[in-house]
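As a plain string of letters, each chain reads:
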Amino acid sequence: MNNNISDNLIIREGNKEDLTEMLILFQDTITTVCKDDYNPRQLEAWKSGAQNKERWLTVMKEQYILIAEVKHKMVGFCTIDQQNYIDLLFVHKEYQHQGIVSQLYQQIEKKALLQQQKYLTADVSKTAKPFFERMNFKVIQEQTVHIKGVNLINYKMEKRL
């Protein structure tokens, strides 16, 4: 791994051409990064969201998307819906704990502030919860999400801007 990732990190707006790579990163990250917080059945159910083409096309069309790249390789992405709901935030398994998620988040928060949003919300996995807490999000409630007959715990979180 490059010790100084920020020298090579580029954050840009996403587009339709990014979708295939986003889906791969989404599934790989869930499989590897979230494996200590969810069991194999839960991980498979969660990853199955990649097959919901309609949902992903809506994301690509209606959400503000940021892509993090290192040397033309996607290493993370973040999307925000309706100006204040962080829908997707994933960082490649080989680029964890290198500040990429923080940089993506800071850009999203900046966008929300420019649009004079009063708060940001997100439905956050057990894996992502510590990061969001560091960004001063508060848990509104624990939730049980049902995906293909499997229950997953996540958290409705909010941050006042």
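Refer to the structure presented above.
Conventions used here
Residues numbered from 1 in each chain as written. Predicted model: local features only at pLDDT ≥ 70, side-chain atom pairs only at ≥ 80, totals over all residues. Heavy atoms only, no water. Disulfide = S-S within 2.5 Å. Pairing = 2+ DSSP bridges. Helix = DSSP H or I, 4+ residues; strand = E, 2+ residues; numbered from the N terminus. Axes fitted to C-alpha atoms, helices over the stretch in contact; angles between N-to-C directions. Contact = heavy atoms within 4.5 Å. Phe/Tyr/Trp six-rings, centres within 6.5 Å; stacked < 30°, edge-to-face > 60°. Lys NZ or Arg CZ within 6 Å of the ring centre and 35° of its normal. Core = buried A, V, L, I, M, F, W, Y, C linked by side-chain atoms within 4.5 Å. Buried < 20%, exposed > 50% of the residue type's maximum accessible area, 1.4 Å probe, protein only. Polar contact = N/O pair within 3.5 Å; in protein donor to acceptor, adjacent residues only side chain to side chain. Salt bridge = Lys/Arg side-chain N within 4 Å of Asp/Glu carboxyl O.

Draft legend 1. Spatial organisation of the state of the cysteines. Applying the stated criterion across every chain yields a total of 0 disulfides. Of the cysteine sulfurs around C78, a residue in no disulfide, the closest is that of C34, at 15 Å.

Draft legend 2. Looking closely at the sheet that holds strand β6 (residues 138-147). Pairing is mixed across the open sheet formed by 7 strands, whose spatial order is β1-β2-β3-β4-β5-β7-β6. Looking along the sheet, the strands with just one partner apiece sit at the ends: β1 (9-13) and β6. On average, each strand axis in the sheet is tilted by 25° relative to the strand beside it, whichever way the strands run. As judged from the 7 bridges shared by strand β2 (residues 64-70) and strand β3 (residues 73-81), these two strands associate in the antiparallel manner. Within β3, the residue paired with E69 across the bridge is M74. Sheet contacts for helix α2 (residues 40-47): β4 (85-91), β5 (119-125), β6 and β7 (150-160); angle to β7, the most-contacted strand, approximately 65°.

Draft legend 3. The packing of aromatic side chains, seen in detail. Inspection of the entire model under this criterion finds 10 aromatic pairs. Look at F131 and F132: their rings are 5.5 Å apart centre to centre, the planes differ by 85°, and that puts the pair in the edge-to-face class. Put simply, the rings of F26, Y38, W46, W56, F77 and F90 touch in pairs and so form one group of aromatic residues. The ring of Y64 has K111 lying over it, and the distance from NZ or CZ to the ring centre is 4.3 Å. The ring of Y38 has K126 sitting right over it, with the charged end atom 5.3 Å from the ring centre.

Draft legend 4. A look at the nonpolar core. Judged by nonpolar contacts, the single largest core of 27 residues is most densely connected at I86, I100, L104, F132 and F137. Counting only elements with at least two residues in this core, the list comes to β2, β3, β4, α4 (100-114), β5, α5 (129-134) and β7. When residues in this core are grouped by element, the largest group, 5 residues, is from α4. When residues no more than four places from it in sequence are discounted, the contact partners of F132 are I86, L89, A122, V124, F137 and M157.

Draft legend 5. Examining the environment of K148 more closely. Relative to the elements of secondary structure, K148 occurs in the loop between β6 and β7. For K148, a relative accessible area of 63% translates into the label exposed. With residues near it in sequence (within four places) discarded, K148 still touches S48 and Q51.

Draft legend 6. Region of interest: α2. When α2 is considered as a whole, its buried residues turn out to be Q42, L43, A45, W46 and K47. Where α2 begins, the capping side chain belongs to N39, and its oxygen is found 3.0 Å from the backbone nitrogen of R41.

Draft legend 7. Main features of the pairing of β3. Summarising burial for β3: 8 of the 9 residues are buried, a large majority. The pairing of β3 with β4 spans 6 bridges and is antiparallel. Each residue of the ladder has a partner; that of F77, found in β4, is F90. Between β3 and β4, which follow one another and run antiparallel, lie 3 residues, and Q82 among them has a positive phi close to 50°.

Draft legend 8. Representation of the pattern of salt bridges. Counted under the stated rule, the structure contains 9 salt bridges. When the shortest N-O distance is used, the salt bridge between R12 and E69 registers 3.0 Å. Of this pair, R12 sits in strand β1 while E69 sits in strand β2, and the two are 57 residues apart along the sequence. Residue R160 pairs with E158 through a salt bridge whose shortest N-O separation is 3.3 Å. Owing to a relative accessible area of 59%, R160 belongs among the exposed residues under this scheme. The exposure class of E158 is partly exposed, given its relative accessible area of 21%.

Everything listed is a geometric property; what it means functionally is a separate question.
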